[in-house]
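For reference, the chains in residue letters:
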Amino acid sequence: QDLPLANGKKYTLGDIKVTGTVSYNEQTVIAYTGLKKGDELYIPGDRLSKVLKKLWDLDLFSDISFYITNVEGNVADLELEIQEVPQLAEVRIQGIDKKREKEELIKENKLQSGVKVTENLITTTKNYIENKYKKEGYFNSKVVVNTIPVEDTTATNKVNMVVNVDQGEKVKIDEIEFTGNERLSDGKLKRKMKNTKEKNFFRFWKRSKFIRSDYKEDKQAVIDKYKESGFRDARIVSDTLIKKDDENIALRLNIEEGNKYYIGDIEFLGNTVYTDEQLKRAFGIKKGDTYNGVLLDKRIDDQTKPDAESLTNLYQNNGYLFSNIDLVETDVYNDTIDFEIRIVEGKEAYFNKIRVSGNDKTKDHVIYRELRTKPGEKYSKQKVISTVRELGQLGYFDPEQLEPKFIDPNPNTGTLDLEYQVVESGASKIELQGGYGGGGFIGTVGLSFNNFSIAGLLDKEAYKPLPMGDGQTLSLRAQASTYYQTYSLSFIEPWLGGKKPVSLSTSFSYTRQFLFNYQERKADKSRSFDILGVNVGLAERLSNPDPYITVSHSLGFQRYNLNNYNTGLFTFGDGHSNNFTYTLGLTRDNTYFNPVFPNGGSQFKITAKFTPPYSLWNGVDYDNLGEQREFQLENENGNLIDYDGNRVTPENAVPDQGKIDQEKYKWLEFYKVKFNGTWYTTLANFGKSQNLVLRTHAEYGFLGAYSNSRGIPPFERFFLGGDGLGSYSLDGRETIQLRGYPNQSLIPLDRNSLSQASNEDGAVIYNKYSLELRYPITLKPSASIYALTFLEGGASYDNFRDFNPFQLNRSAGAGIRIFMPAFGLLGIDFGYGFDPVPGESSPNGWETHFIIGQQF
Amino acid sequence: EYQKVVKSQDAGLKYTTAEQLYNEAKEEDSNRKFKKALRLFEQIVPQFRGKPQGQKVSYLYADTYYQLEDYYLASYQFERFEQTYPDSEKAEEASYKKARSYYELSPRYFLDQADTEKAIVELQNYLNAYPDGEFAEEANKMVSELQVKLEKKAYEIAKQYHHTEDYKAAIVSFDNFIADYPGSPFREKALYYKFDSAYELAINSYRVLMEERLNTAHEYYKNYLKYFPQGEFQEQIEASDADIQTRLQNF
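Predicted, not measured: the structure shown is a model, and the values here were computed from it. (Residues numbered from 1 in each chain as written. Chains lettered and ligands numbered in written order. Predicted model: local features only at pLDDT ≥ 70, side-chain atom pairs only at ≥ 80, totals over all residues. Heavy atoms only, no water.)

For the rest of this paragraph, the subject is the overall build of chain A. Of regular secondary structure, chain A possesses 13 helices and 35 strands. Relative to the compact-globule value of 29 Å for 856 residues, chain A shows a C-alpha radius of gyration of 40 Å, a clear excess of over 25%. For chain A, the spread of C-alpha atoms along the principal axes amounts to about 135 × 80 × 65 Å. Within chain A, buried positions represent 42% of all 856 residues. For chain A, long-range pairs separated by at least 24 residues make up 58% of all intrachain contacts whose partners lie at least 6 apart in sequence. Accessible surface computed for chain A: about 45,700 Å², of which carbon and sulfur atoms make up 51%. (Helix = DSSP H or I, 4+ residues; strand = E, 2+ residues; numbered from the N terminus. Rg over C-alpha atoms; globule rule 2.2 N^0.38 Å. Buried < 20%, exposed > 50% of the residue type's maximum accessible area, 1.4 Å probe, protein only. Contact = heavy atoms within 4.5 Å. Areas by Shrake-Rupley, 256 points an atom, 1.4 Å probe, with all protein chains shown as cover.)

Put into structure tokens, the structure is as follows:
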């Protein structure tokens, strides 16, 4: 298997000698090379070079050479001369006082004893330390690294390293001076220098430092500022660094501004797909505009933003992968420049194979269904970018490492393959919490698997350590304290059947609460209140009549069980109540573009929630329950009594409200209809994604009973006022946001007697209108912030007779919202209520609302 | 006893103990003993590097990982062994076990197949170096098994486009599949679903496009029959083609 190199000759190996070793045995080295006396080999040859490589790979030697020492016939003696790299014995750092700082330097440069002291190590250590201090503003820092061989009795090859650090003084920029700038002020230019700043006592968040690489960037920024303002020829003629004293320097930049230029004729060449008119519109720069070099380049191709509006992207998003666009200045006269935009369109490109690699947990089908790029489809840069973005949002992969890779783009056939390289990231969350509150210890355990595989539960091989990869969500949560326990489990399959994004969600929850005795500070386990809930829902996005419509169905069941436990909800302390409902939802949402801050479009939502109309067939006469023997008040012995406890005859019997309510609420009976409409309109545009947007919103809700004699249950009611955040409640109540008033304070306007009960009962009808003006402060993906001001009004009622859409509790105010992907939405609003809350006579006045995690 | 050996400085003692443990473990098929042996090998492998016993220690070390089914490290250690001792009598076995380790690492078809591809390359390297080797038959079997796995992956991806009614993408993918894997057991299915995609695409098209697409589908029908005159989808494909013919009469 040995081959000759160049004019190698074949020899038989005679003796091998190893010289230059200090710490290694000669035989060990020879054995490692694998060469034996009597071997036949070419010199020079493949085998020898492999041996050399093997030795080099050990990283133990700084020099390795083979010599032929003697040739007799075809027998050659070899000498292998090696130079061992010395090992580090000890490091001493001089010039730094702090012990911790020294240790840090040793750690950062990996200078433990025993490492091989190569030239490379010495140089990188020196550069590293120098740069480190320069970055901190010690512009004059100097580092010298020396090595001293260790002399001791044993023949080891060790050195000590001495690192001499001279930090020098911390240098600050005392002054930045511009000369030659007439059109742009010193202040404007200084502001452009982002990292090179004059020292200023008040600017404590960014200290003045002089770092060469930053200074270079900042000089470019100054030139770019000129280019943006029409000064095409602007340049820094010279710049001087003046040392004022040990700690202070001054910078003097001499600028030559040149003339201010304007755009002349722009001519398009080579375009067949788009007309000149279309390209001109897309280019957006017209004859007579001030010359702006930076903008011109960006309109051709903006490297900093992948989805920018540029001519290159216009072509790239429509299949022209191989297109190439050049901007050429053709003529300069007086202060005007003519341009030619030369376009080579190339062939349209189509995707051929689309592949995914790196998915060692997530199954192919889960990823492929999210891909926007399809085999046989026209190439579009936009689609590749949005696919990468959406894959990142799934939460299964590290968004930073997602990378689309073009394979074999072929300009002749017009095809390319695309590979999405993904890196799996942990998609599971564990929540463990303990705390003291509400009279005892509260513990929470939560598990959430974001990329679960139910099918894998029965598959032994899928446990690694848990079955993952089907894109399903499974969450389990348990919370317990001395007086209550709650357990919940939910499961979501986003693509039921794998054909369309039909999501199936199921959830199960169970809560048990014991009566808490505040005197004894312990729970009374004999008195309890249980709620059991099960919910199954199905949501599907329709493709007809338009793709914005989602239809959802869900079935829900709640069972309330009371065991000698009196709540405000029921007039009875023992008994149960069931709530079985079907909900139909219809949503149309075509808001665009940013879900956090839509610029336009509208969103409508209608939901209808029903229980079965039991009263139609169960034959119970709800009107006259009080007249029936079994619903009348009686004592323990089963004798009829009146409210004072005196025995009475059947004619004088009084109804037992608890028993009547138990009968009425055994199975809750109601229907509920809600409508919600939101419109977004851009009123004015102050530049790209700087839109002043008006959000118009109206909503109505109605809770009704099938049978008037049975009535509307005290569940599922509407509570108006405040921040509208869901609060902990047992009765399925809905809180409706109305800023400028305290939470859930607005009871129906038609209630005249203000008793405890009337304050706690929710309404059955409500309406609400709101106008909100929004303006974005920043819409970066890392954090979106916008300011808003609003006018709104709403009211609730106990029945339709009193409904008056113009009799409203009005309010106005302003606020701010911050959306960060990691935290969701956070916000604060200040609202002024113009109307009194029930029971008061003067306007409610100012309220502050904190908004957390609510949908925009 | 064992702990004493672990703590001792005597490399020779460790070597004999480790070897003994390894042999016993192999006889008794005991993971516990392999683990014990492994701990000792880990300690002595660097010390024996370049020494006469180094070769054996390296082999046993790699094989212990292999026996413990830690295929990731086994493949790496066998690779090192092969490079360091290409002339060893164990070289063939090492080469095979390295390839076999990648084979064991190869995940199911719906995950990334980098290890599968690596395994095929390594198995092929083994077969090239030892065409009549001891494990050649097994290696051949594994190669074809892995090959089918890759075919299954490509087929299922194409099938998913059909399932999600992305018929154009399905046709392109099945075309690529048929070209890339000529002898695949999924070939018949691929040909059928390619036809079915074209058929569904055609009958759900605007009228202006329909005639051309129906004709394309009919071509695919003929293509299927050419390769599989008595295929398993015969009934369905005949029914669909009859529908194509009736629809074509409208033009």
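Here we take up the interface of chain A and chain B. Each partner contributes residues to the interface: chain A has 29 residues there, and chain B has 24 residues. Here chain A packs against chain B, burying approximately 2,200 Å² in sum over the two surfaces, 49% of which is carbon and sulfur. Put simply, chain A and chain B have seven salt bridges between them. Salt-bridge contacts for A:Lys500 lead to B:Glu165; the nearest nitrogen and oxygen are separated by 3.7 Å. Where chain A touches chain B, the interface holds eleven residue pairs in polar contact (both at pLDDT 80 or more). When residues of the side of chain A that touches chain B are traced back to their parent elements, those giving at least two are α1 (26-33), β14 (350-357) and α10 (364-368) of chain A. Per-element accounting of the side of chain A that touches chain B gives the leading share, five residues, to β14(A). Class assignment of the residues belonging to the side of chain A that touches chain B gives a composition of six nonpolar, eleven polar and twelve charged. (Buried area = accessible area lost by both parts, 1.4 Å probe. Salt bridge = Lys/Arg side-chain N within 4 Å of Asp/Glu carboxyl O. Polar contact = N/O pair within 3.5 Å; in protein donor to acceptor, adjacent residues only side chain to side chain. Nonpolar A, V, L, I, M, F, W, Y, C, P; charged D, E, K, R; others polar.)

Before going further, it helps to examine empty space enclosed by the protein. Residues and elements named next belong to chain A. Within this structure, the stated rule accounts for one cavity of 30 Å³ or more. Its boundaries defined by the atoms lining it, the largest cavity holds a volume of some 30 Å³. Along its surface, the largest cavity is lined by Glu-136, Gly-137, Lys-170, Lys-172, Arg-207, Ser-208 and Lys-209. Partitioned by chemical class, the residues of the lining of the largest cavity number no nonpolar, two polar and five charged. (1 Å grid on protein atoms, 1.4 Å probe; cavity = no way out; pocket = protein on both sides within 12 Å on 5 of 7 lines; lining within 4 Å. Points joined across faces, edges and corners; volume = space filled by probe spheres on them.)

What follows deals with the packing of helix α11 (residues 207-227) of chain B against helix α12 (residues 234-248) of chain B. Residues and elements named next belong to chain B. The geometry of α11 relative to α12 is characterised by a closest axis approach of 10 Å and an angle of 150 degrees between their N-to-C directions. By the criterion of interaxial angle, the relationship of α11 to α12 is roughly antiparallel. Helix-helix and strand crossings are classified by hand; for α11 and α12 the assignment is left-handed. Facing Glu-211, Leu-214, Asn-215, Ala-217, His-218, Tyr-221, Tyr-224 and Leu-225 of α11, the residues of α12 in contact are Gln-234, Ile-237, Glu-238, Asp-241, Ile-244, Gln-245, Arg-247 and Leu-248. Here the contact of α11 with α12 is composed, by residue class, of eight nonpolar, four polar and four charged. (Axes fitted to C-alpha atoms, helices over the stretch in contact; angles between N-to-C directions. Parallel < 35°, antiparallel > 145°, perpendicular 65-115°, else oblique. Left-handed = near helix turned anticlockwise from the far one by under 90°.)

One non-glycine residue, A:Lys110, lies in positive phi territory at about 55 degrees. The residue A:Lys110 is located in the loop between α3 (99-108) and α4 (119-135) in this model. Under the relative-accessibility criterion, A:Lys110 is labelled exposed at 57%. We note that B:Glu165 has phi near 65 degrees; this positive angle belongs to a residue other than glycine.

This paragraph deals with the nonpolar core. Counting residues in hydrophobic clusters, the biggest one holds 71 residues, and the most contacted among them are A:Leu371, A:Leu391, A:Tyr420 and B:Phe195. For A:Leu391, the contacting residues outside a window of four places in its chain are A:Ile367, A:Glu370, A:Leu371, A:Phe397, A:Leu402 and A:Tyr420. Membership of the second largest hydrophobic core comes to 31 residues, among which are B:Leu21, B:Tyr22, B:Phe78 and B:Phe81. (Core = buried A, V, L, I, M, F, W, Y, C linked by side-chain atoms within 4.5 Å.)

A word on the side chain of A:Lys664. Residue and element names in this part refer to chain A. Within the secondary structure, Lys-664 sits in helix α12 (residues 657-665). Nearest to the buried, unbridged Lys-664 among oppositely charged side chains is Asp-661, at 4.8 Å. Dropping the residues within four chain positions of it, Lys-664 is found in contact with Tyr-622, Leu-625, Ser-709 and Arg-710. (Lys, Arg positive; Asp, Glu negative; His and termini not counted.)

The next thing to look at is the packing of aromatic side chains. Evaluation of the coordinates by the stated rule reveals 55 aromatic pairs over all chains. On the numbers, 5.8 Å between centres and 70 degrees between planes, the contact of B:Tyr22 with B:Phe34 is edge-to-face. One end of the pair, B:Tyr22, is in helix α2 (residues 11-28); the other, B:Phe34, is in helix α3 (residues 31-48), with twelve residues separating them in the sequence. According to the relative accessible area criterion, B:Phe34 is buried, its value standing at 2%. Between B:Tyr109 and B:Phe110, the aromatic rings sit 5.1 Å apart at their centres with planes inclined by 70 degrees, giving edge-to-face as the arrangement. Assessed through its relative accessible area of 24%, B:Tyr109 is described here as partly exposed. A cation over an aromatic ring shows up here: A:Arg232 above the ring of A:Tyr261, its NZ or CZ 4.9 Å from the ring centre. (Phe/Tyr/Trp six-rings, centres within 6.5 Å; stacked < 30°, edge-to-face > 60°. Lys NZ or Arg CZ within 6 Å of the ring centre and 35° of its normal.)

Residues and elements named next belong to chain A. Read from one edge to the other, the open sheet built from three strands follows the order β8-β10-β9, with strand pairing classed as mixed. Here the strands that pair on one side only, and so sit at the sheet edges, are β8 (172-179) and β9 (235-243). Pairwise comparison of adjacent strand axes, ignoring direction, gives a mean angle of 15 degrees for this sheet. Pairing geometry for β8 and strand β10 (residues 248-256), over seven bridges, is parallel. Looking across to β10, one finds that Glu-175 is bridged to Ala-250. The strands that helix α6 (residues 212-228) touches are β9 and β10; relative to β9, the one it contacts most, it runs at about 145 degrees. (Pairing = 2+ DSSP bridges.)

Here the focus is α2(B). Residues and elements named next belong to chain B. Along its 18 residues, α2 runs 25 Å from first to last C-alpha, staying within 8% of the 26 Å computed at 1.5 Å per residue. Every buried residue belonging to α2 is among Ala-11, Lys-14, Tyr-15, Thr-17, Ala-18, Glu-19, Leu-21, Tyr-22 and Ala-25, and all of these are buried. Where α2 is buried, its residues touch α1 (2-7), α3 and α4 (54-67). Sitting at the head of α2, Asp-10 places a side-chain oxygen 3.0 Å from the backbone nitrogen of Gly-12. Where α2 terminates, the next one or two residues include Asp-29, which has phi positive at roughly 55 degrees. (Expected span 1.5 Å × (residues − 1).)

Residue and element names in this part refer to chain B. Two elements in contact, helix α6 (residues 91-105) and helix α8 (residues 136-163), have axes separated by 11 Å at closest approach and are oriented at 25 degrees. In this view, α6 runs roughly parallel relative to α8, as classed from their interaxial angle. For the crossing formed where α6 meets α8, the hand is left-handed. Across from Tyr-96, Arg-100 and Tyr-103 in α6, the residues of α8 making contact are Glu-138, Met-142, Glu-145 and Leu-146. The residue makeup of the contact of α6 with α8, split by class, is four nonpolar, no polar and three charged.

Strand pairs in the sheet, formed through backbone hydrogen bonds, run parallel or antiparallel to each other. All names here are of chain A. As summarised here, the arrangement of the three strands in space is β5-β7-β6, forming an open sheet in which the pairing is mixed. Looking at strand neighbours, the two that pair on one side only are β5 (87-94) and β6 (142-149), the edges of this open sheet. On average, each strand axis in the sheet is inclined to that of its neighbour by 20 degrees, with strand direction left out of account. Here eight bridges tie β6 to strand β7 (residues 158-166), and the two strands are oriented antiparallel to one another.

It is worth spelling out the pattern of salt bridges at this point. Side chains that differ in charge, positive against negative, can pair when their charged atoms come close. All names here are of chain A. Applying the stated criterion across every chain yields a total of 61 salt bridges over all chains. With a shortest N-O distance of 3.1 Å, Asp-233 and Arg-232 are connected by a salt bridge. Taking the shortest distance from any N to any O, the salt bridge between Glu-772 and Arg-739 comes out at 2.8 Å. With Glu-772 in strand β31 (residues 765-779) and Arg-739 in the loop between β30 (734-736) and α13 (756-760), this residue pair connects regions lying 33 residues apart in the sequence. Taking relative accessible area as the criterion, Glu-772 reaches 3% and is therefore assigned buried.

Bringing the confidence of the model for chain B into the picture now. The predicted coordinates ought not to be read in detail in places where the model reports low pLDDT. Here chain B averages 91 in pLDDT, and 100% of its residues register 70 or above. Interface confidence for the predicted complex, expressed as ipTM, amounts to 0.90; the pTM equals 0.73. (pLDDT = per-residue confidence, 0-100.)

A separate point is a nonpolar patch on the surface. A surface patch of nonpolar side chains, amounting to about 600 Å² of accessible area, comprises A:Leu476, A:Leu489, A:Phe508, A:Val534, A:Val536, A:Leu555, A:Phe580 and A:Trp667. Structurally, A:Leu476 can be placed in strand β19 (residues 472-480). (Patch = residues over 30% accessible without salt bridge, like charges linked within 9 Å, V, L, I, M, F, W, Y side chains within 5 Å.)

Let's shift gears to the environment of A:Leu773. Residues and elements named next belong to chain A. Mapping Leu-773 onto the fold places it in strand β31. Accessibility expressed as a relative area gives 31% for Leu-773, which makes it partly exposed. Considered as a pair, Leu-773 and Val-693 are 80 residues apart in the sequence and their alpha carbons are 5.8 Å apart. Contacts of Leu-773, omitting those with residues within four sequence positions, involve Leu-683, Leu-692, Val-693, Leu-694, Ala-787, Leu-788 and Thr-789.

Walk down a regular strand and you will see the side chains alternate between the two sheet faces. All names here are of chain A. Pairing of strand β24 (residues 575-589) with strand β26 (residues 598-610) involves eight bridges; the strand directions are antiparallel. The residue bridging Tyr-582 from the neighbouring strand is Phe-610, located in β26. Note that strand β25 (residues 592-593) and β26 share two bridges and pair antiparallel. By the bridge assignment, Phe-593 is partnered in β26 with Pro-598. Two successive antiparallel strands, β25 and β26, enclose a turn made up of four residues. Bridging between β26 and strand β27 (residues 671-685) involves ten bridges; their strand directions are antiparallel. Bridge assignment links Thr-607 to a residue of β27, and that residue is Lys-674.

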